[in-house]
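Remarks on the overall topology
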Amino acid sequence: MDIRELDAQDPAARRAWFEVMETSARANRPHALLEGFTAFEVSVTEPGEHAHRVRLEARDGDDLAGVAELELPLTENLDVAWAEVNVLPERRRRGTGRLLWEAVVDRARAAGRTRIGGEVSVAPVDGGPGLEFADAVGAVEKHREDHLLLDLPVTAAPADPAYDVVTWRGRCPDEHRPAYLAMRNQMNADVPLGELDLEPVVLDDARLASSEERLMRSYDVRVAAARRRSDGEFGGYSLLFVPHGEAYGWQDDTLVMPDHRGHRLGAALKTVNYADLTGDVRVVHTWTAPSNAAMHHTNTALGFRVVEHMHEMEAAI
Ligand SMILES: CC(C)(COP(=O)(O)OP(=O)(O)OC[C@H]1O[C@@H](n2cnc3c(N)ncnc32)[C@H](O)[C@@H]1OP(=O)(O)O)[C@@H](O)C(=O)NCCC(=O)NCCS
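Residues numbered from 1 in each chain as written. Predicted model: local features only at pLDDT ≥ 70, side-chain atom pairs only at ≥ 80, totals over all residues. Heavy atoms only, no water.

All right, on to the nonpolar core then. Core analysis: the largest hydrophobic core is formed by 23 residues, its most contacted members being Leu56, Leu70, Ala81, Leu100, Trp101, Val104 and Ile116. Only β2 (51–60), β3 (63–73), β4 (80–87), α3 (96–110), β5 (115–122) and β12 (305–316) provide two or more residues apiece to this core. Tallying contributions element by element places α3 first for this core, with 6 residues. In terms of nonpolar packing, the next biggest core, distinct from the first, is built from 20 residues, Leu181, Leu203, Leu239 and Leu255 among them. (Core = buried A, V, L, I, M, F, W, Y, C linked by side-chain atoms within 4.5 Å. Buried < 20%, exposed > 50% of the residue type's maximum accessible area, 1.4 Å probe, protein only. Helix = DSSP H or I, 4+ residues; strand = E, 2+ residues; numbered from the N terminus.)

This is the structure in C-alpha cells:
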C-alpha cells in the first residue's frame, strides 16, 4: 500500500478521491451528511486563506483503498489539526486506516501541531467501526452532539410581535453588518464545546466577507434575523445553507443574544428560513449538543429527530 497526496490539478484524481470518501463514509450511515462534490471542488481548487488542507490517498496498484483529509487551521488554533480517515468497506481491517492515520500524524507534527481532532458519527444501529478505530489510535472523546433531521414542510413558529424578522440571502446587507458581526462573534464565543479546548474564531468585516463569498460558490446562504421594534436592536439570527442542486438544507448557527432570550426567537427564525425554501428541499440537517437543553428542546419541538450521534474525538500527537 502506497500513501500519496492527491494530485489537486487532476480532475479525474479528484473525482476518484471524492468517490472513495463518499462510498466509505456512507457505508454504515444512511443519514450521513457529507460535503457535496461542488463544495469539495471549490475547496480543492480554490483553497481559502484560513486553513491548509492536505488530501491523502492509499493506493494498491491502480486502485484506491482509502483516503484521508488533514486540515491545518492557519489563523487560530495553531496547535490543532483536524483529520478524517475513510477506507472502502471491502478494504477494511488490513491496516490501511492505520497507515493513513500515521501519514496524517507525520504531516500534522511537521506543521507543529500537538493534537488532532476528528468527528466520528455513528448511526444508532450498525454505527460502524469509527469509534473502535479512534480508540485504537489513542483518541478520546471531548464532546458529543446529536445529528438531527427534520422533514419539510413544518408549521411556522410565530415570531414575537415585539420583533421584526429581517432576511437576506448571500452577503449580509451593509446596514446590518455591524450587528450581524457582533452576533456571529457572540455565537463563536458561546457555542457549547464540552471539553474541546479551542480558541474561538473572531470575525471582522473582511473575514466575514471572504467567508460569505466562498460559501456562496457552493451554497444558497440564507439568514433570518430578529430586530426589536422598540429600539432596532438585533436579538438573534439563524443561518441555513442549501448546497447548489441538492434537496436538503443544513441548519448551521442559531443564536439568541442573552438579553433577548425567552421569546422563542430561535424557533421562529428557523421556520422563517424553512418557509422560504422551494418545494425541492425536503429535509434539514442540524447538530446540537444534548447538553444544550434549550436548543435541543427547540429542535425536537419543531419535529427534528435524532438520527446519529457525533463524537468529537481528539488524540495528542
Ligand atoms: C474507521 C476506518 C477508517 C478504519 O479503517 P481500516 O483500514 O479498517 O483500519 P485498520 O485496519 O488500520 O484498523 C486499525 C485498528 O482500528 C480498530 N478497528 C478498526 N475497525 C474495527 C472494527 N470493525 N471493530 C473493532 N475494531 C476496529 C482495530 O483496533 C484495528 O486494529 P487491528 O485490526 O489490529 O485490530 C474505516 O472503517 C472507515 O472508513 N470507516 C468509516 C469512516 C470513519 O468512521 N472514519 C473514522 C473517523 S475519521
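What follows covers the packing of helix α1 (residues 11–26) against helix α2 (residues 37–45). Put simply, α1 and α2 touch, their axes get as near as 11 Å, and they point 125° apart. The angle between α1 and α2 places the two elements in the oblique class. Handedness of the α1/α2 crossing: right-handed. On α2, the residues touching Arg14, Arg15, Trp17 and Phe18 of α1 are Phe37, Phe40, Glu41, Val44 and Thr45. (Axes fitted to C-alpha atoms, helices over the stretch in contact; angles between N-to-C directions. Parallel < 35°, antiparallel > 145°, perpendicular 65-115°, else oblique. Left-handed = near helix turned anticlockwise from the far one by under 90°. Contact = heavy atoms within 4.5 Å.)

In this section: the UniProt feature "domain: N-acetyltransferase" (unreviewed entry) in the protein. Mapped onto this numbering, the UniProt entry annotates "domain: N-acetyltransferase" (unreviewed entry) at residues 1–155. As annotated, residues 1–155 has a helix share of 30% and a strand share of 34%, and its two end C-alpha atoms lie 53 Å apart. (UniProt positions renumbered as here; feature names shortened; annotations may be inferred.)

Moving on, we come to the site of the ligand. Taken together, 18 residues are adjacent to the ligand, and Val87, Arg93, Gly95, Gly97 and Arg98 come closest. Arg92 is positioned with one of its side-chain polar atoms (N or O) 3.2 Å from an oxygen atom of the ligand. Contact between the ligand and Arg93: an oxygen atom at 2.8 Å from a main-chain N or O atom of the residue. Compared with its free state, where it exposes 920 Å², the ligand has 76% of that area covered by protein. Breaking the shell around the ligand down by element, the ones donating at least two residues are β4, α3 and α4 (130–136). In terms of residue class, the shell around the ligand is built from 6 nonpolar, 6 polar and 6 charged. (Near = heavy atom within 4 Å. Polar contact = N/O pair within 3.5 Å; in protein donor to acceptor, adjacent residues only side chain to side chain. Areas by Shrake-Rupley, 256 points an atom, 1.4 Å probe, with all protein chains shown as cover. Nonpolar A, V, L, I, M, F, W, Y, C, P; charged D, E, K, R; others polar.)

On to the packing of helix α5 (residues 177–190) against helix α6 (residues 205–218). Taken N-terminus to C-terminus, the directions of α5 and α6 make an angle of 85°; their axes are 11 Å apart at the nearest point. When the interaxial angle is binned, α5 and α6 end up roughly perpendicular. Between α5, through Arg177, Tyr180, Leu181 and Arg184, and α6, the contact on the second element is made entirely by Asp205, Leu208, Ala209 and Glu212. Looking at the contact of α5 with α6, its residues break down into 4 nonpolar, no polar and 4 charged.

A few words on the sheet that holds β4. With mixed pairing, 12 strands are arranged side by side in an open sheet as β1-β2-β3-β4-β5-β12-β6-β11-β10-β9-β8-β7. For this open sheet the edge positions go to β1 (2–5) and β7 (163–169), each flanked by a neighbour on one side alone. Across the sheet, the axes of successive neighbouring strands diverge by a mean angle of 25°, strand direction being ignored. Pairing geometry for strand β10 (residues 248–256) and strand β11 (residues 283–288), over 3 bridges, is parallel. Bridge pairing in β11 places Tyr248 opposite Val283. Contacting β2, β3 and β4, α1 runs over the sheet at an angle of about 95° to β3. (Pairing = 2+ DSSP bridges.)

With that out of the way, let us pick up the pattern of salt bridges. Opposite charge on two side chains lets them pair, provided their charged atoms get close. The full count for this structure, using the stated rule, is 29 salt bridges. For the salt bridge of Arg53 with Glu69, the shortest nitrogen-to-oxygen distance reads 3.8 Å. Pair noted here: Arg53 is in strand β2 and Glu69 is in strand β3, with a separation of 16 residues, a long-range link. Close ionic contact of Asp60 with Arg91 constitutes a salt bridge, the shortest N to O distance being 2.7 Å. Of this pair, Asp60 sits in strand β2 while Arg91 sits in the loop between β4 and α3; the two residues are 31 residues apart in sequence, bridging distant segments of the chain. The class for Asp60 is partly exposed, based on a relative accessible area of 37%. The structure contains a network of salt bridges with shared partners spanning Arg53, Arg55, Glu69 and Glu71. (Salt bridge = Lys/Arg side-chain N within 4 Å of Asp/Glu carboxyl O.)

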